[in-house]
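Observations on the model geometry
Single-letter residue listing:
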Amino acid sequence: MEVLVEAAAGIPSDAVLSLRLGPTRRQAPLLSALSHPFRFATALDEACQPLCIDVLRPLATAQVAIRAEELRYSLPLNGCIKDMAVSLKVKPAKPGKAALDRN
């Protein structure tokens, strides 16, 4: 099934549109969402769950270059709220495990 956003009113241009159908979530910046459909594996005639729509706005941002020899990262988040930070731990995925779709 595809969901195309035909128009959006009153939504800030830096917003992210998030659609969830059952356990599947798809997200895109608003401007991209207006020109590209959200695709779900569910067939249109089998969609019996509600489509949930969230409008999100970025509060902060950070970037880090992931290096194989470094497994932990602490990042300050630059944004509109002071003193935000995140700590991350990275590790190789286990063979045979399906990747978690974070969309």
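Below or above, wherever it landed, is the structure these notes cover.

About the thresholds
Residues numbered from 1 in each chain as written. Predicted model: local features only at pLDDT ≥ 70, side-chain atom pairs only at ≥ 80, totals over all residues. Heavy atoms only, no water. Phe/Tyr/Trp six-rings, centres within 6.5 Å; stacked < 30°, edge-to-face > 60°. Lys NZ or Arg CZ within 6 Å of the ring centre and 35° of its normal. Pairing = 2+ DSSP bridges. Helix = DSSP H or I, 4+ residues; strand = E, 2+ residues; numbered from the N terminus. Salt bridge = Lys/Arg side-chain N within 4 Å of Asp/Glu carboxyl O. Buried < 20%, exposed > 50% of the residue type's maximum accessible area, 1.4 Å probe, protein only. Polar contact = N/O pair within 3.5 Å; in protein donor to acceptor, adjacent residues only side chain to side chain.

Now for the packing of aromatic side chains. Enumeration over the complete set of coordinates arrives at zero aromatic pairs. Of note, Arg26 hangs over the ring of Phe40, and the distance from its end group to the ring centre comes to 6.0 Å.

This part is about the pairing of strand S3 (residues 24-29). As judged from the six bridges shared by strand S2 (residues 16-21) and S3, these two strands associate in the antiparallel manner. Bridge pairing in S3 links Ser18 to Gln27. What sits between the antiparallel neighbours S2 and S3 is a turn of two residues, in which Gly22 has the positive phi angle 60 degrees.

Quick look at the sheet that holds strand S6 (residues 60-61) now. Taken in spatial order, the three strands line up as S6-S7-S8 in an open sheet, and their pairing is antiparallel. Single-partner strands in this sheet number two, and they are S6 and strand S8 (84-89). Sheet analysis places S6 next to strand S7 (residues 72-79), joined by two bridges and oriented antiparallel. By the bridge assignment, Thr61 is partnered in S7 with Asn78.

Another aspect to go through is the pattern of salt bridges. Inspection of the entire model under this criterion finds five salt bridges. The shortest N-O distance in the salt bridge between Glu2 and Arg39 comes to 2.8 Å. Taken together, the residues Glu2 in strand S1 (residues 2-3) and Arg39 in strand S4 (residues 38-39) connect sequence positions 37 residues apart. Residues Glu2 and Arg39 agree in their burial class; the two are exposed. Two residues, Asp54 and Arg25, come together in a salt bridge whose shortest N-O distance is 3.4 Å. Of this pair, Asp54 sits in strand S5 (residues 51-56) while Arg25 sits in strand S3, and the two are 29 residues apart along the sequence. With relative accessibility at 26%, the residue Arg25 sits in the partly exposed group. Taken together, the shared-partner salt bridges in this structure form one network comprising Arg67, Glu69 and Glu70.

For the rest of this paragraph, the subject is the side chain of Ser18. Structurally, Ser18 can be placed in strand S2. Within the structure, Ser18 has its side chain in polar contact with the side chain of Arg25 (distance 2.6 Å). There is a polar contact of 3.3 Å between the side chain of Ser18 and the side chain of Gln27.

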